[in-house]
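# Residue-level structure breakdown
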Amino acid sequence: MKVFCNGEAQEIAPGMLVADYITQLGLDASSVVVECDGKILTREEYGSHALQDGSVLELIRFVGGG
Amino acid sequence: MLTIAGRKFRSRLFGGTGKFSSPEVMKEALAASGCEMVTVALRRVDLNNPADDIMSVLDRDRYLFLPNTSGARDAGEAIRLARLARASGGGEWLKLEVTPDPRTLLPDPIETFKATEELVREGFKVLPYINADPILALRLQDAGAVAVMPLGSPIGTNQGVLTRFQIEIIIAQAQVPVIVDAGLGAPSHVAEAMEMGADAVLVNTAIAVAGDPVRMARAFAMAVEAGRIAYEAGLGAVSKDAAPSSPEDGLGFLR
């Protein structure tokens with residue numbers, strides 16, 4: 001199935017959990033925040049929230065700024 | 001000692017974390033500045049560079065994070081960024097920034113006010129970045145802002161305190177701390193702001209782009225301290241007319 005992550009279409013296994021998807025991308029779950037279909041997920045939800053076909057994800061983190 | 005929203009700060013210099021040539025230089029410059037609060041921004045993860053993580057070099061025990069809403073063009077975008085910052089573990093502190101015009105990066109007062117009202121309701125400690133408007137500063141204070149951050153000059157311009165007259169009024173009127181932010185390009189600029197009675201200053205660009213950011217951070221720290229001591233010591237009055245420093249009496253032997 002297909003999800004859209006940070007503006008890019010990505011093919012992933014059906015029903016993949018957010019936590020597994022983050023790990024697959026090589027990211028540390030504690031350093032990112034996930035917005036899925038317009039809703040911000042808490043860190044606790046990463047392990048239970050399954051992605052749907054067509055889900056729109058935004059993975060956001062802190063960067064340098066003034 | 002400076003207190004904002006119940007939290008005490010020994011240093012009256014706040015640091016930014018943008019534009020440094022490397023994370024190592026940033027870390028060393030922030031240490032040299034002595035600052036205890038640093039701003040950070042929120043952006044999309046670069047999926048091609050997942051290891052690029054500022055959090056790995058910044059010690060959260062040493063620095064209070066002040067996430068900003070840079071990039072927001074209206075209240076809705078700023079509120080979304082604020083909620084993401086809190087969900088990222090950024091805490092309740094927030095530098096609210098709403099800049100609809102990328103050319104001037106001047107803050108939108110109406111959208112900033114609207115976002116302040118909502119974010120205060122949601123429990124954020126809001127520090128709004130504003131043009132140096134004394135009336136707006138009071139309105140934001142009444143809306144629950146824990147400090148106000150009037151600009152010295154536009155972001156990244158290093159032009160210094162061009163808004164002196166208005167900032168003097170803000171300082172005279174505000175019950176919440178006044179943090180002069182943006183455009184402070186040289187240690188003399190922050191010394192000027194502190195001599196005027198600003199409670200603190202925020203500096204990013206001038207330190208980050210200096211030839212030697214670590215030494216420049218130290219220069220800014222010294223200027224902030226000098227300006228604060230001068231303010232507390234009480235500056236002499238400014239006069240148009242000259243007044244001799246040496247005695248006028250006792251010159252009879254000359255004429």
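What this report covers is the structure whose coordinates are included nearby. (Residues numbered from 1 in each chain as written. Chains lettered and ligands numbered in written order. Predicted model: local features only at pLDDT ≥ 70, side-chain atom pairs only at ≥ 80, totals over all residues.)

## Looking at the overall build of chain B
Across its full length, chain B holds 8 helices and 10 strands. For 255 residues, the compact-globule formula gives about 18 Å, and the C-alpha radius of gyration of chain B, at 20 Å, lands near that figure. Structurally, chain B occupies a C-alpha span of about 85 × 40 × 35 Å along its principal axes. Here chain B, with 255 residues, has 44% of them falling under the buried criterion. (Helix = DSSP H or I, 4+ residues; strand = E, 2+ residues; numbered from the N terminus. Rg over C-alpha atoms; globule rule 2.2 N^0.38 Å. Buried ≥ 20, exposed ≤ 12 C-beta atoms within 10 Å, placed from the backbone.)

## Things to note about the interface of chain A and chain B
Counting residues at the interface gives 21 residues for chain A, matched by 27 residues for chain B. Elements with a minimum of two residues in the side of chain A that touches chain B: strand S3 (33-36) and strand S5 (56-64) of chain A. Classifying every residue of the side of chain A that touches chain B by side-chain character gives 10 nonpolar, 7 polar and 4 charged. Direction of pairing for S5(A) relative to strand S4 (residues 37-44) of chain B: antiparallel, over a ladder of 5 bridges. Bridging across to S4(B), Phe62(A) finds its partner in Leu42(B). (Contact = placed C-beta atoms within 7 Å. Nonpolar A, V, L, I, M, F, W, Y, C, P; charged D, E, K, R; others polar. Pairing = 2+ DSSP bridges.)

## Here we look at the sheet that holds strand S8 (residues 149-150) of chain B
Note on sheets: strands pair through backbone hydrogen bonds, and any given pair is parallel or antiparallel. Residue and element names in this part refer to chain B. Ordered by their spatial adjacency, 3 strands build an open sheet running S6-S7-S8, and the pairing between neighbours is parallel. The strands lining the two open edges of the sheet, one partner per strand, are strand S6 (93-96) and S8. Along the sheet face, helix H3 (residues 109-121) touches S6 and strand S7 (125-130) and points at about 175° away from the line of S7. (Axes fitted to C-alpha atoms, helices over the stretch in contact; angles between N-to-C directions.)

## Overview of helix H6 (residues 187-195) of chain B
Residue and element names in this part refer to chain B. Most of H6 sits inside the fold, with 7 of its 9 residues counted as buried. When we look at burial in H6, the residues that qualify are Pro187, His189, Val190, Ala191, Glu192, Ala193 and Met194. The first or second residue beyond H6 is glycine 197, which carries a positive phi of 105°.

## What about the nonpolar core?
Residue and element names in this part refer to chain B. Leu127, Ile179, Val190, Ala198, Val201 and Phe220 are the most contacted members of the largest nonpolar core, which has 90 residues in total. Of all the elements, helix H2 (residues 75-90) adds the most residues to this core, at 7 residues. Contact partners of alanine 198, with chain neighbours within four places excluded, come to Ile171, Val178, Ile179, Val180 and Ala193. (Core = buried A, V, L, I, M, F, W, Y, C linked by C-beta atoms within 7 Å.)

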